[in-house]
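Fold and geometry: a report
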Amino acid sequence: MAHQLPAGTPTGLFIDGQWGPASNQAQFEVVNPATGQVLTQVADADPSDGRRALDAAVAAQPAFAALAPKRRHEILMDAFNLLHERIDDLALLMTLEMGKPLAEAKGEITYAAEFFRHSAGDALRISGGYQRAPQGGARFIIAKQPVGPCLLITPWNFPMAMGTRKLGPAIAAGCTSVIKPAAQTPLSMLALVDILREVGLPDGVVNTVTTSDSGGVMEPLIRSGLARKLSFTGSTPVGKKLLEQCADKVMRTSMELGGNAPFIVFDDADLDSAVEGAFLAKMRNMGEACTAANRIYVQRGIMTDFATRLTEKMSGLTVGPGTDDGVNVGPLIDQAARDKVSELVSDALERGATVLTGGQQSEGEGYFYPPTVLSDVPVDSRMGSEEIFGPVAPLTPFDTEEEVLAAANNTPYGLVSYVYTTNLDRGLRMAEALESGMVGLNQGVVSNPAAPFGGIKESGLGREGGTVGIEEFLETKYIGIAVAD
């Protein structure tokens, strides 16, 4: 059954509290990845539109910084409630533009809303400090103030949650922003911003530009000197370019970049739990996640049993449009994504890997790829160094703890690692030695709004969520006061 976009879905630019077209009236197409057909067209901003959006954010910054924290809290909580009230329409919108099954889309809306609830609490907890100077004669006041106007760039794979994860702390801290969603999935972000408008967010506080020319629109804003922070989620190569641009004005940055997550299963692990964890870490969002298990290392003595159980789970999944009943796996985002997955699988097979299930592109319309399990994947295959971003589980055997630790850390990335073992000493030893910003110990999902999300090495800078996420949007000011003791 063909599904239509929910009525009233915004498709324009949102600048200074108003919806409108691009200044040159240009538009670009948004495609349904399940069919390859055009869903709708959205405004295609040019650099002048980007500048209008940033000017609006700059103009709104002083008043918004002065807004009472309680009011910022209320705005975020009202938006949290509306996200839940409209979860069905928002999930359908996400599925149509991104492809994930409706059940997963609803899960993302719930996850996205939690960032607003968490940030609403943070808005009330921003604090500083007061102390006496060590030598006497003065007092120190430590104040926290909003960074200022922010540029926020979000990816296509979690089009709602990556928006709330950035907008929530920005709003809580008192920062205005220009947010640019990915061109493949702009509709979820536009719907989110309209909810913020509806709950009374002041004009100019959040401005949204959709564009097919991300670099052409965003680079002038980065180099303008008007924005004081950039928060980006996306690939490491793009992140490096943005960091170079930010250096021009010494702009604060948060970078959530690529991953190459190792998933390690020792022979003392609870095998049922390990298989379920690997399944979740691999198949969440069809494998299109920076936290996805990209290299699955299984101790040799349990490899056959583990591979059999995982293959059984993967081969039992139903592939199809995310709007269809009973579908577990939707399409990949576009043909380029599917082609890359096929290339990585072909490379592994040429190097000696074996297909246990899947392994070939689906025929017909849409960008589908079947759930795939490969055994005996060599460590020097492309999968060992490149994000798969698809439903492919590559299994590689190992013998010793030292061997697998060296293999796991042999990557420029360091976002997340996973370890399954019932030996607490080994688990803690591995968790401390793995070079990643996050570790899932006997759990296959680490993302949580209440926990600090982020990586080390070439996987990024800074953290989102947890008690530290809002600090990315705050400056620390020291005020010294002379006092006669």
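Everything below is about the structure printed above this text.
Here's a quick rundown of the structure. (Residues numbered from 1 in each chain as written. Predicted model: local features only at pLDDT ≥ 70, side-chain atom pairs only at ≥ 80, totals over all residues. Heavy atoms only, no water.)

Mapping Glu 256 onto the fold places it in strand S11 (residues 252–256). Glu 256 gets classed as buried once you look at its relative accessible area, which sits at 4%. (Helix = DSSP H or I, 4+ residues; strand = E, 2+ residues; numbered from the N terminus. Buried < 20%, exposed > 50% of the residue type's maximum accessible area, 1.4 Å probe, protein only.)

This paragraph deals with the environment of Pro 449. With respect to the helices and strands, the residue Pro 449 is situated in the loop between strand S19 (438–441) and strand S20 (456–457). For the pair Pro 449 and Ser 375, spaced 74 residues apart in the sequence, the C-alpha separation amounts to 34 Å. Ignoring anything within four residues of it in the chain, the contact list for Pro 449 reads Tyr 111, Glu 114, Phe 115, His 118, Gly 465 and Gly 466. (Contact = heavy atoms within 4.5 Å.)

An order of S14-S15-S16-S13-S12-S18-S19 is seen for the seven strands of this open sheet, with the pairing classed as mixed. Two strands bound the open sheet, and with one partner strand each, they are strand S14 (354–357) and S19. Recorded for the sheet is a direction-independent mean angle of 25° between the axes of neighbouring strands. Pairing of strand S13 (residues 293–299) with strand S16 (residues 392–398), which is carried by four bridges, proceeds in the parallel orientation. The partner of Ile 296 across the bridge, within S16, is Leu 395. Together, strand S12 (261–265), S13 and S16 form the strand contacts of helix H12 (residues 401–409), whose direction differs from that of S13 by roughly 170°. (Pairing = 2+ DSSP bridges. Axes fitted to C-alpha atoms, helices over the stretch in contact; angles between N-to-C directions.)

In spatial order, the strands read S5-S6-S22; together these three strands make up an open sheet with antiparallel pairing. Two strands in the sheet have a free side with no partner beyond their single neighbour: strand S5 (129–132) and strand S22 (474–482). Put simply, the sheet's adjacent strands are angled 20° from each other on average, direction ignored. Bridge analysis of strand S6 (residues 138–146) against S22 gives nine bridges, and the strand direction is antiparallel. Bridge pairing links Ile 142 to Tyr 478 in S22.

Moving on to the pattern of salt bridges. Taken as a whole and assessed by the stated rule, the structure comprises 33 salt bridges. For Asp 380, the salt bridge identified is with Arg 351, shortest N-O distance 3.8 Å. Within this pair, whereas Asp 380 is found in the loop between strand S15 (372–375) and S16, its partner Arg 351 is found in the loop between helix H11 (335–350) and S14, the two being separated by 29 residues in sequence. Each of Arg 165, Lys 166, Glu 256 and Glu 464 takes part in one network of salt bridges that share partners. (Salt bridge = Lys/Arg side-chain N within 4 Å of Asp/Glu carboxyl O.)

Before going further, it helps to spend a moment on the pairing of strand S10 (residues 229–233). A large share of S10 lies buried, amounting to five of its five residues. Side-chain alternation along S10 places Lys 229, Ser 231 and Thr 233 on one buried face and Leu 230 and Phe 232 on a second face that is also buried. Summarising the sheet, strand S7 (residues 150–153) and S10 pair through four bridges and their orientation is parallel. Bridging across to S10, Cys 150 finds its partner in Lys 229. The pairing of S10 with S11 spans five bridges and is parallel. Bridging from a neighbouring strand, Ser 231 pairs with Ser 254 of S11. Following the backbone out of S10, through helix H8 (residues 236–247) and into the adjacent parallel S11, one traces a crossover that is right-handed. (Right-handed = clockwise from strand over helix to strand, strands pointing away.)

Our next topic: the nonpolar core. Among the nonpolar cores identified, the biggest contains 107 residues, and Leu 167 and Phe 306 are the most heavily contacted of them. Among the elements that line this core, the one with the most residues is helix H4 (residues 102–123), at nine residues. Residues within four places of Phe 306 in sequence aside, it is in contact with Val 265, Leu 271, Ala 274, Val 275, Ala 278, Ile 296, Val 298 and Leu 395. (Core = buried A, V, L, I, M, F, W, Y, C linked by side-chain atoms within 4.5 Å.)

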